[in-house]
Amino acid sequence: MTDKLTVVLDVNIIVSGFLRGGGTPLEIVRHWEAERVRVVLSEHIIATVLAVWDRPLFAMRADRIHRALAVELMYEQAVLVVPDPSVEGITDDQEDDAVLGTAVAAGADYLVTGDQGLLAIGSHAGVTIVTARQFLEILDTE
């Protein structure tokens, strides 16, 4: 891959990528850690990730070390942008609009998510919305 793809990772990808276990979200996090992709986030996405990890179900599954590594990665290796405020009412959920607004503001190539509402849109303002598996396939062809 010569040029890094610019990608916004939805909350569900980040949360899953740092839980004990594995899977495609973890593989994407490893690409991020190795700086093979340019990850762009917003304070909204980071705050939501932290709020999800505070929920009892996730607090049991994400230990302090993994959380600390994730916070460091989010602040040290991600570019932070303010979501594009014109992305409003595109989805049925304000949270999804904020994530999509982050991708639009970033001029991202891809938004990676497991959210069916976002995936149903397919693309918006030049941003292609894909699953984790689809994104890994894209990285394999780069």
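Structure: see above.
First, a word on scope: everything that follows refers to the structure included in this document. (Residues numbered from 1 in each chain as written. Predicted model: local features only at pLDDT ≥ 70, side-chain atom pairs only at ≥ 80, totals over all residues. Heavy atoms only, no water.)

### With respect to the environment of M74
The following threshold applies: Working definition: helices are DSSP H or I runs of at least four residues, strands are E runs of at least two. Numbering for both runs from the N terminus. Buried, partly exposed and exposed residues are distinguished by accessible area as a fraction of the type maximum, computed with a 1.4 Å probe on protein chains only: under 20%, between the cut-offs, and over 50%, respectively. Working rule for contacts: check all heavy atoms of both residues, and any pair within 4.5 Å makes them a contact.
Within the element layout of this structure, M74 appears in helix α5 (residues 64-76). Among the residues examined, M74 registers a relative accessible area of 0% and is labelled buried. As for M74 and S42, which are separated by 32 residues in sequence, their C-alpha atoms are 9.5 Å apart. Residues within four places of M74 in sequence aside, it is in contact with I14, W32, L41, I46, V49, W53 and L80.

### Digging into the pairing of strand β2 (residues 37-41)
Selection criterion: Pairing between two strands is assigned when DSSP locates at least 2 bridges connecting them.
Most of β2 is tucked away, with four of its five residues classed as buried. Bridging between strand β1 (residues 5-9) and β2 involves three bridges; their strand directions are parallel. When the bridges of β2 are listed, V7 appears paired with V39. Where β2 lies against strand β3 (residues 78-80), three bridges are found, and the strand directions are parallel. The residue bridging V39 from the neighbouring strand is A78, located in β3.

### A closer look at the nonpolar core
Defined as follows: Among the buried residues, those of types Ala, Val, Leu, Ile, Met, Phe, Trp, Tyr and Cys that are joined through side-chain atoms within 4.5 Å form a nonpolar core.
Core analysis: the biggest nonpolar cluster contains 47 residues, and W32 and F135 have the highest contact counts within it. Those residues within four positions of F135 in sequence are excluded, and the remaining contacts are L5, V7, I28, V37, Y110, V112 and V130.

### Considerations on the environment of A70
When you line up the elements, A70 lands in helix α5. Distance in space between the C-alpha atoms of A70 and F18 is 6.8 Å, their sequence separation being 52 residues. Look past the residues within four positions of A70 in its chain and what remains in contact with it is F18 and W53.

### Focus on the pairing of β1
Successive side chains on a regular strand alternate, one facing one side of the sheet and the next facing the other. Here β1 lies mainly inside the structure; five of its five residues are buried. Every second residue of β1 is oriented toward a common face, with L5, V7 and L9 on one face and T6 and V8 on the other, all of them buried. Pairing analysis gives three bridges linking β1 to strand β4 (residues 110-112), with the strands arranged parallel. Paired with V8 across the bridge in β4 is L111.

### Describing the sheet that holds β4
How we decide: Axes, fitted as lines to C-alpha atoms, cover a helix only where it is in contact. Angles between the N-to-C directions of the axes lie from 0 to 180 degrees.
Ordered in space as β3-β2-β1-β4-β6-β5, the six strands form an open sheet in which the pairing is mixed. Single-partner strands in this sheet number two, and they are β3 and β5 (123-124). Each of β1, β2, β4, β5 and β6 (127-130) is contacted by helix α6 (residues 94-106), which is oriented at about 160 degrees to β1, the strand it contacts most.

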